[in-house]
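# Reading the structure
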Amino acid sequence: MNEAIKSKDPLERFKNVIAFTVAGLHLCTGQLKPFNPILGETLQAHFKDGTKVYSEHISHHPPIAALLVEHPDLKYRMYGSLTFTASMGANYLKAG
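Reading the values: rules and limits
- Residues numbered from 1 in each chain as written.
- Predicted model: local features only at pLDDT ≥ 70, side-chain atom pairs only at ≥ 80, totals over all residues.
- Heavy atoms only, no water.
- Pairing = 2+ DSSP bridges.
- Helix = DSSP H or I, 4+ residues; strand = E, 2+ residues; numbered from the N terminus.
- Contact = heavy atoms within 4.5 Å.
- Salt bridge = Lys/Arg side-chain N within 4 Å of Asp/Glu carboxyl O.
- Buried < 20%, exposed > 50% of the residue type's maximum accessible area, 1.4 Å probe, protein only.
- Patch = residues over 30% accessible without salt bridge, like charges linked within 9 Å, V, L, I, M, F, W, Y side chains within 5 Å.
- Areas by Shrake-Rupley, 256 points an atom, 1.4 Å probe, with all protein chains shown as cover.

Relative to strand β3 (residues 64-70), strand β2 (residues 52-59) runs antiparallel, the two sharing 7 bridges. Each bridged residue has a counterpart across the sheet, and for Ser-59 the counterpart in β3 is Ile-64. Hairpin geometry of β2 and β3 is characterised by an intervening segment of 4 residues between the two adjacent antiparallel strands. Across 7 bridges, β3 lies against strand β4 (residues 77-83) in antiparallel orientation. Bridge pairing in β4 links Glu-70 to Arg-77. Counted along the chain from β3 to the antiparallel partner β4, the turn is 6 residues long, and its residue Leu-74 has a positive phi close to 55°.

With that settled, consider the pairing of β2. Pairing of strand β1 (residues 42-46) with β2 involves 5 bridges; the strand directions are antiparallel. Looking at β2, one finds that Thr-42 is bridged to Glu-56. Here β1 hands over to β2 after 5 residues, with Gly-50 in that stretch at a positive phi of 100°.

What follows concerns the side chain of Ser-7. Here Ser-7 lies in the loop between α1 (2-6) and α2 (10-23). What Ser-7 contacts, discounting residues up to four positions off in sequence, is Glu-12 and Arg-13.

Counted under the stated rule, the structure contains 3 salt bridges. Of the charged contacts in the structure, one is a salt bridge between Lys-15 and Glu-12, with a shortest N-O distance of 3.0 Å. On the criterion of helical spacing, the pair formed by Lys-15 and Glu-12 is a turn pair, its members being 3 residues apart in helix α2. Across the pair Glu-70 and Arg-77 runs a salt bridge, and its minimum N-O distance is 2.6 Å. For Glu-70, a relative accessible area of 12% gives the class buried.

Take a nonpolar patch on the surface next. A surface patch of nonpolar side chains, about 390 Å² in accessible area, is lined by Leu-11, Phe-14, Ile-18 and Val-22. Looking at the secondary structure, you find Ile-18 in helix α2. With a relative accessible area of 39%, Ile-18 lands in the partly exposed category.

Here is the structure:
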């Protein structure tokens, strides 16, 4: 994202944001039993460059976590939520 901030060309900024998004797809989140976080549980962290990360468990069923990532100079702000789903049948197990 820092490269996108530096770019003056809108197309280059767009390409850098897409590259940032795609580069993280190899990371995976998972749940192992017994995982049952407390409603309202929070995570606060920062990267070496000063970027801040905030997350909070906001729903128990379905499990949902809210997320906020901020640049130290507020040049960008990303936010959203993560929802974990699972279903099971006679011969399949699906998680997302």
